[in-house]
Amino acid sequence: MPRPPSLRDTLSALLPADLKLTVYHISHSPTKSHPLYFSPPNQQPQPTSVESHFLAVSYDGILCFAIELLVYVTTAKHPETGKSRKDSTFFVSKADSSGYLPSSAASFQPKESPGIKDSTLRTISTAFLQHIVREHRLAHPKIRKSTISLFARSQASYLFPNSESNPQKHVLNDRALIRWWCRVLDPILQSFSEQDSTDIASAYLLVPGFDKYETMTLLPPKTRQPALYPNAKRWVRGHPLREDPARQLTVREVIPHFPDDPKARFLVELDAENTGVSGSWKQVKRTGAGGGWASVKTLDQFWEFMGFRQECSSGASTGFIWIVIDRKKQINESKEQKPSVPTPIQENNAETDAEALSPSEPIRSQELQPSQDTSQLQAELSCQATDASQPLANITSLRYTSTNYKKVLETLACGDFSTELLARLHSRKWIDGAATLLGNDASSMRLKEQKLEGKDWGMPIVGKRVVEACSTAPAPAATSGSTVNVLTVRKKHKRGDAAGTQSAQASSGVNVLGAGLIRKKPKLNNGIPAP
C-alpha cells in the first residue's frame, strides 16, 4: 500500500507559493491513561491509552501558532457476546496564536478560486488534524469509529503567555471562534464522499442556549446553501452521544472525561450527589453500583443543565463540536488505496490569522520572571542564534516519554510573548529546550548524535500553491481626448492672475463652469428679497 503524503508535502501543497515557515512536531508514545468513560454497574473500566501530538509553527524565528491533540484509544467488551471493540477519540486540547504572523502572510487568495480568501492558520490546522487522523486509522485498521472532539471557548491566551499584550494579536469573540473551528473541521467532513466504500463521516455542533437558526449562522456557508452546493455534506445541530440500554450505557457512561473539560467537572458533581465522593474526576470511583443519576436521567437534560453551568452561562457562547468517522467495513490490507491530499473548502470572509484560538480551558502557566534589560536580551538572543541558521531537513518530529513531553510544554508555558524581542528569545529557548529533553531510546539517541542544541531541528516548509497577486495597480489616468467636468468654488483673483488661470485651465483639458452658470439664492430680509 502506498504511503500517504507526509505532513511537509501536505502543507507545502496547501500553503501559498514562496511562504516560508518552520514546523515543529513533537509527540509522546502511547501510555496507559485514566478511563475515558464511567464504567457501567459491576463492570471493569475500559482499558484506555493516550498519545499526545503538539505542532508549533514559526515565522522568521518567532513561534506564531501552536496546537495540541490528544489521541485516546478505548477497548470495550460487549457484556453478552464478549467481543471487544476499539474506538479512537481525537481531542483538540489547546490551540493559540501569538500574533506575530504578519498580515501579508495571514491570508491568501488561491488562483483556482478567484475572489475567495483562505486563512493560513486555518489551513495548517486542518492539514495537521487530517494528517494525524489519517495516519492513526491506517496504523490501526481494526479501529471502527474515530471521533474528533473539541470545546470552543474564547480566551485571551492559552499557549503563549502574555501574547495578549501584542497589539497585532486578534482575539476572536465567542461566535467568531466557534465559526472558525467549524471551518477548520468542515474540510475533513467533506473529504468523505458518499461514494466512499470504506468510511462515512458526520459533523455535529451544539451551542448551549442556541436554537436551530442561531446555530446555523455559525456553520460554514457552503453547508447552509443546499441549492447552490447540493453535494456538500450537512452539519447536524446536536451531539453524537447515544445511550444503549442493551449494554447498560446510560447518560452517565456515554459522556467522555477530557482534561480541563467543563463536561467532566459537571459529571464529577453529578456523581458526587449519588456516591458522596467529592474531588477531581481522576479520584471518582468508576465501578459504581448504580447507573445514571437522580437529577439527570437523559442526555437532553444533561445538555440543558450544561447551559446553566459557569463555563456556558458567563455571557459568552461556548461550542461543542464533533466529527465522527465510522468505518463501513474492515479495510482489506491487500487492497491498495490511494490517499488524497486534504483540500480545505474555500470560503469567503477569512479572518486574519493573528487570532487567539481557544478550544479548551485556559492553560495555567507559571509565574514569569521580571522582564530583562533590552540590551541583555539582544545579547542573549544573538548568542543562541549562532547555529540556528542550519536547519536539519531530515527530521520530521521528536518523540518523547510522557514525562519529558510535559516538560517541553512547561518550557513554553514559562515564556513571555508580550513583545517581539521577548517572543523571539523564548521561541529560541523552547526550540533548544525541546532538543535537550530527548529520551534514551534508539531513535532519540540517533537524534542526539546530531547535536540538535542550537540548531533549527524543525521542518522547513515552502508553499507551492499558486495564488492571485494583490491588485495594487493605480487608477487609469485621463487621456487627452477625455474631459472632466469639475465644479469649483469661485475665488477672487488679482487682475494679473486672471489671464494665467484661464490659460492653465484651457491647457489642462478640464472644463470649469464659470461664475455666470452658478446662481446664488438671494438673501431675504424678513421674507422680502433684498434690492
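Residues numbered from 1 in each chain as written. Predicted model: local features only at pLDDT ≥ 70, side-chain atom pairs only at ≥ 80, totals over all residues. Heavy atoms only, no water.

A few words on the overall build of the protein chain. Looking only at helices and strands, the protein chain has 12 helices and 18 strands in total. The buried share of the protein chain, reckoned over its 531 residues, is 47%. Sequence-distant contacts, at least 24 apart, represent 78% of the contacts inside the protein chain between residues at least 6 apart. Looking at the protein chain as shown, the accessible area adds up to about 27400 Å², and 51% of this sits on carbon and sulfur atoms. (Helix = DSSP H or I, 4+ residues; strand = E, 2+ residues; numbered from the N terminus. Buried < 20%, exposed > 50% of the residue type's maximum accessible area, 1.4 Å probe, protein only. Contact = heavy atoms within 4.5 Å. Areas by Shrake-Rupley, 256 points an atom, 1.4 Å probe, with all protein chains shown as cover.)

Turning our eyes to something else, we now look at the pairing of strand β7 (residues 145-152). With respect to burial, β7 is a largely interior element, seven of its eight residues being buried. Pairing geometry for strand β4 (residues 84-97) and β7, over five bridges, is parallel. Counterpart to T89 in the pairing with β7 is T147. Pairing between β7 and strand β11 (residues 319-327): eight bridges, direction antiparallel. Within β11, the residue paired with L150 across the bridge is I321. (Pairing = 2+ DSSP bridges.)

Turning next to unusual backbone geometry. Residue D60 is not a glycine yet carries a positive backbone phi of 55 degrees. According to the relative accessible area criterion, D60 is exposed, its value standing at 56%. For D260, which is not glycine, the phi torsion reads 50 degrees and is therefore positive. Relative accessible area serves as the criterion here: at 31%, D260 is assigned to the partly exposed category.

Below, the discussion takes up the pattern of salt bridges. Counted according to the given criterion, the structure contains 13 salt bridges. Across the salt bridge formed by D60 and R424, the nearest N and O atoms sit 3.7 Å from each other. A residue pair is termed long-range when its members are at least 10 positions apart, and D60 in the loop between β2 (48-59) and β3 (62-77) and R424 in helix α10 (residues 420-436) qualify at 364 residues. By relative accessible area, R424 is classed as partly exposed at 23%. The partner of R465 in a salt bridge is D118, and the shortest N-O contact between them spans 3.3 Å. Pair noted here: R465 is in the loop between β14 (459-462) and β15 (484-486) and D118 is in strand β6 (residues 118-119), with a separation of 347 residues, a long-range link. (Salt bridge = Lys/Arg side-chain N within 4 Å of Asp/Glu carboxyl O.)

What follows concerns the nonpolar core. By size, the foremost hydrophobic cluster in this structure holds 54 residues, and its most contacted members are L129, W181, L185 and W235. Looking at which element gives the most residues to this core, the answer is helix α4 (residues 174-190), with 10 residues. If near-sequence neighbours (up to four positions away) are discounted, L129 is found in contact with I67, L69, V92, W181, V184, L185 and I188. Of all hydrophobic cores here, the second largest spans 25 residues; its members include Y24, F54, V408 and W430. (Core = buried A, V, L, I, M, F, W, Y, C linked by side-chain atoms within 4.5 Å.)

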